[in-house]
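So the chains spell out like this:
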Amino acid sequence: MWRPASGLAWAAARTFPRMGKTVNRLFCAGRIGAHLEKECGRRQGRTAPPWRILFFGTDEFAQRVLEKLHPSSGILNLHPSLLPRWRGPAPIFHTLIHGDQVTGVTIIQIRPTRFDVGPIVMQQECAVPPRCTADELGVILAETGAEMLLSTLESLPELVKNAREQSKEGITFAPKINVGMSWVNWQEQTWEELDQIYRAIGSRIPLRTLWMDKTVKLLDLVDVREIPVSLAFTPEQLIPGTIHFHKESNTLLVRCKNGWSGFKLVVLKKVLSAADFYNGYLHPYFRKGSKINQTATRFQTHKPEKKPKAKLSKRTGMSLDVNNLNDSVLYN
């Protein structure tokens, strides 16, 4: 059962009894000093440290409370990038998608109405390990950020006083990741770009492609530099999207813009190994004496449908939905 960790939390729970779950969700934490942690742990029998309030909510009640906490220092935000690069909700993903070799953590003061634009209180660079994933990079930056936050709290007034404004140059934005980013364009994307996207979003949104007009998810991408591909290919077999099964490594090789990418698993109705996909779906088209169906031996690039914009009728002044002229007419 959740128990409020301070008088303010207790008062909020008593004042808003129906908001128990909300209060539980919104109260989050910073450590009490080590002596209090030890004392509270012995008295209450806790295995985790007790917590204090860092943030409550966004209504007027919460605003008044926050104004009383640190009127001189304001509110700090820990951001996993070297601001002003990668402002927004998904900085770690975009760090990997764009192949950044250096990233970092920035502690800033929060400014009203706009995110990630406040003065920099502390900033520290971190090297991006080769071929790391978003989850792995997140752990590294979290550990760095925790150490930075403790150092900041030890010298908070001085650091806030010496905070510097963010540069007007080098500003980039990191919007939320979405499924549209996972569709592979075999003609335009290099194997390096596919590797970066996979390591960034692959654990959350699998890469996607089309085979015979069916969606195929691509899993377990491998570093093709470790696979010796010494076969002689015809010009037709080097067309982007062409599939080749590498039996020795049980890898599905797919031709992209500048070389081969490799996948150990795919999803077509169910999870299939590269061998299962080749034997169950591709092998009939590669048998000796059979006429190869070029469409069946290639993955196709997904092309999202572009909806035409509504056209304005010169005669009536009305905006017409050109997708369904018989059923809908939208008036300005």
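Below is a short write-up of the structure. (Residues numbered from 1 in each chain as written. Predicted model: local features only at pLDDT ≥ 70, side-chain atom pairs only at ≥ 80, totals over all residues. Heavy atoms only, no water.)

Quick look at the nonpolar core
As a reminder of what qualifies: To qualify as a nonpolar core, a set must consist of buried Ala, Val, Leu, Ile, Met, Phe, Trp, Tyr and Cys residues joined through side-chain atoms within 4.5 Å. Accessible area is worked out with a 1.4 Å probe on protein chains only. A residue is then buried under 20% of its type maximum, exposed over 50%, and partly exposed in between. Helix and strand definitions here come from DSSP, where helices need a minimum of 4 consecutive H or I residues and strands a minimum of 2 consecutive E residues; each element is numbered from the N-terminal end.
In terms of nonpolar packing, the biggest core is built from 46 residues, with Trp186, Ile201, Trp211, Leu218, Leu252, Phe277 and Phe299 touching the most fellow members. Per-element accounting of this core gives the leading share, six residues, to helix H8 (residues 191-201). Val222, Val224, Ile227 and Leu253 belong to the second largest nonpolar core, which has five residues in total.

Details of helix H6 (residues 134-154)
Rule in force here: One fewer than the residue count of a helix, multiplied by 1.5 Å, yields its expected span. It is the directions from the helix axis to the C-beta atoms whose arc is reported. Throughout, a residue-residue contact means that at least one pair of heavy atoms, one from each residue, lies within 4.5 Å.
Along its 21 residues, H6 runs 30 Å from first to last C-alpha, staying within 8% of the 30 Å computed at 1.5 Å per residue. Inspection of H6 places Ala134, Leu137, Gly138, Leu141, Thr144, Gly145, Met148 and Thr152 among the buried residues, and these make up the whole buried set. In a view along the axis of H6, the buried residues occupy a sector of 140 degrees, so they form one face of it. Within H6, the exposed residues directed more than 90 degrees away from the buried face are Glu143, Glu147, Leu150 and Glu154. The elements touched by buried residues of H6 are strand S3 (76-79), helix H5 (91-97), strand S4 (102-109), strand S5 (120-127), helix H7 (156-161) and H8.

Focus: the side chain of His94
With respect to the secondary-structure elements, His94 resides in helix H5. Beyond its immediate stretch of four places on either side in the chain, His94 contacts Trp86, Ala174, Pro175 and Met181.

Considerations on a nonpolar patch on the surface
We apply this condition: Surface patches are defined over residues having more than 30% relative accessible area and no salt bridge, joining like charges when they lie within 9 Å and nonpolar side chains (Val, Leu, Ile, Met, Phe, Trp, Tyr) when within 5 Å. In short, Shrake-Rupley with a 1.4 Å probe defines the accessible areas, and a residue's cover is counted only from the protein chains shown. We define a salt bridge as a side-chain nitrogen of Lys or Arg found within 4 Å of a carboxyl oxygen belonging to Asp or Glu.
A cluster of nonpolar residues, Leu78, Leu149 and Leu153, forms a patch on the protein surface that exposes about 240 Å² of accessible area. Relative to the helices and strands, Leu153 is located in helix H6. By relative accessible area, Leu153 is classed as exposed at 52%.

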